[in-house]
Amino acid sequence: MAAKTKRPGHRAPSNASEKKPSKGARRSATLAHERYRAFIENIDDGVYEVDLQGTFTYFNNALCQVFGFPREEIEGANFSKFMDEAHSRAAFEIFNQIFQTGKGIVDLNWEILDQNKEKRIIELSASLVMDKKGAKTGFRGIARDVTERRKAQLALKDSECAYQCAYEASRVAEKRYRTLLDFVPYPMVVFTTEGKVTYLNPAFTQVFGWSLEELQGKHIPYVPADLQEQVQADIRKLLDEKMIHRRESKRLTKQGEILDVLMSGAVYSGLDGEPAGELVLLRDITQEKKLQTTQDALFRISMALPSHPRLEDLLDYLSSEIKRVLDVEGALVILLDEAKKEFYFLGAAYDDRDIQRRAKEVRYPATKGVSGRVLKTGEPIIVPDTS
């Protein structure tokens, strides 16, 4: 009996059935992708992808605002189009380093030119993109226009120097320096070498709550208990070096609120040339830090979305980021079961895992509690104390 031969190029049938993704799996993947794209298109930060040559393959609408170019000018363009030759060479070196090491970068300040040839300062992050086989295919990241923030920082640095120089020039004329310092937009205090107040400006009263009449000749009770040693060390450094720049710390207000502050100080001399006291400027950066924390959380969420295709996993991750931003013991995402008219918690994050598990088992009527009130009125509610 002659044996049957295979036709060239013909593949013998296999007994093992090839597994294909189920309809449900494909639908879940599609929904996850749509949620990811919808999120990216609605954030204020520019999100981009470029290939290994630096040519844009994807970007959201916000990137057009960040770069100062219309979409058609960016599509298919190379990164080097938007910067001069020196910055273009530097960009190549940095992206080549990412390609070689696989390590991404964050908070890199970059100078580009917009369509009007005006300089913009861009805060850039970038990470390597690889396909399913592990091959390097390009780069992905976030871009923010920080031009105004950089100008403000430079202006503040110049103004701080100007204030200190102006104070040194007018140290013998108390009335003149008080008039000058009254117009400084940031809280400012003049201390004796013993740390007692001789002057504070209106901005200090506005931010911290104490007036000059309350504190003159006294120590300010605004140092948190856990920072006493650090502040004493800062004072010693100020007295030794005669100047301290942009030292980040915390201070209490009269009402007991803790503020994040950026402190600069200088020692001034009397007529005999000996140190006579300290001039300290305290800029309240509490809101700036909160904003930065929120922006960092949004960046982490945008990068993590593709890794959480299941809605429950995604909501757990969002809850953990909310918990971190608010610095609380737990955070929940409440969903509405329209069929049963009930609220339930699909996403949760707690320090206590047992509480987190039990929270997800809770269901209650959609007409009850604070959530029911929000659903009924459509108005947000902040509850400062849930105890």
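Conventions and cut-offs
- Residues numbered from 1 in each chain as written.
- Predicted model: local features only at pLDDT ≥ 70, side-chain atom pairs only at ≥ 80, totals over all residues.
- Heavy atoms only, no water.
- Helix = DSSP H or I, 4+ residues; strand = E, 2+ residues; numbered from the N terminus.
- Buried < 20%, exposed > 50% of the residue type's maximum accessible area, 1.4 Å probe, protein only.
- Contact = heavy atoms within 4.5 Å.
- Areas by Shrake-Rupley, 256 points an atom, 1.4 Å probe, with all protein chains shown as cover.
- Pairing = 2+ DSSP bridges.
- Axes fitted to C-alpha atoms, helices over the stretch in contact; angles between N-to-C directions.
- Expected span 1.5 Å × (residues − 1).
- Phe/Tyr/Trp six-rings, centres within 6.5 Å; stacked < 30°, edge-to-face > 60°.
- Lys NZ or Arg CZ within 6 Å of the ring centre and 35° of its normal.
- Polar contact = N/O pair within 3.5 Å; in protein donor to acceptor, adjacent residues only side chain to side chain.

Concerning the overall build of the protein chain
The secondary structure content of the protein chain amounts to 13 helices and 13 strands. Classification of the 387 residues of the protein chain by burial places 36% in the buried group. Taking the contacts inside the protein chain whose residues are at least 6 apart along the sequence as the reference set, 42% of them involve residues at least 24 apart. Of the roughly 24,600 Å² of accessible surface on the protein chain, a fraction of 53% belongs to carbon and sulfur atoms.

As for the pairing of strand β5 (residues 136-145)
Every regular strand shows the same layout, with side chains that alternate between the two sheet faces. Summarising the sheet, strand β1 (residues 46-51) and β5 pair through six bridges and their orientation is antiparallel. By the bridge assignment, tyrosine 48 is partnered in β5 with glycine 141. Looking at chain direction, strand β4 (residues 119-130) and β5 are connected through seven bridges and run antiparallel. Residue pairing for β5: valine 129 is matched across the bridge by glycine 138.

A short note on the sheet that holds strand β11 (residues 330-337)
Read from one edge to the other, the open sheet built from three strands follows the order β11-β12-β13, with strand pairing classed as antiparallel. Strand pairing shows two members of the sheet lacking a second neighbour, β11 and β13 (363-365), which therefore form its edges. On average, adjacent strands in this sheet sit at an angle of 30° to one another, irrespective of strand direction. Relative to strand β12 (residues 342-350), β11 runs antiparallel, the two being bridged by eight bridges. Its bridge partner being in β12, isoleucine 334 is matched across the sheet by phenylalanine 345. Contacts from helix α11 (residues 311-326) reach β11 and β12, with the element oriented near 60° to β12. Relative to β12, helix α13 (residues 369-377) is tilted by about 120°, and along the sheet it contacts β11, β12 and β13.

Structural notes on α11
The end-to-end C-alpha distance of α11, which contains 16 residues, comes to 22 Å, matching closely the 22 Å that a straight helix rising 1.5 Å per residue would cover. Within α11 the residues assigned to the buried category are Leu314, Leu315, Asp316, Tyr317, Ser319, Glu321 and Lys323. Within two residues after α11, aspartate 327 carries a phi angle of roughly 55°, on the positive side.

Quick notes on the environment of threonine 57
Within the element layout of this structure, threonine 57 appears in strand β2 (residues 56-59). When the C-alpha positions of threonine 57 and glycine 76 are compared, they lie 6.6 Å apart, and in sequence the two are 19 residues distant. Contact partners of threonine 57, with chain neighbours within four places excluded, come to Glu49, Val50 and Asp51.

Observations regarding unusual backbone geometry
With a phi angle near 70°, lysine 242 is a residue other than glycine that sits in the positive phi range. Tracing the backbone through its elements, the reader meets lysine 242 in the loop between α9 (228-241) and β8 (243-252). Residue lysine 242 is classed as partly exposed on the basis of its relative accessible area, which comes to 41%. Despite not being glycine, arginine 246 has its phi angle at roughly 50°, a positive value. Relative to the elements of secondary structure, arginine 246 occurs in strand β8.

Comments concerning the packing of aromatic side chains
Counted according to the given criterion, the structure contains 16 aromatic pairs. A connected cluster of aromatic rings, assembled from ring pairs, spans Tyr48, Phe56, Phe59, Phe67, Phe69, Phe79, Phe82, Phe95 and Phe139. Here the basic side chain of lysine 136 rests over the ring of phenylalanine 99, its NZ or CZ set 4.4 Å away from the ring centre. Here the basic side chain of arginine 283 rests over the ring of tyrosine 186, its NZ or CZ set 6.0 Å away from the ring centre.

A few points about the side chain of glutamate 321
The topology assignment puts glutamate 321 in helix α11. For glutamate 321, a relative accessible area of 3% translates into the label buried. Separated by 2.8 Å, the side chains of glutamate 321 and arginine 300 make a polar contact. In this structure, glutamate 321 is in contact with Ala297, Arg300 and Ile301, ignoring residues within four places of it in sequence.

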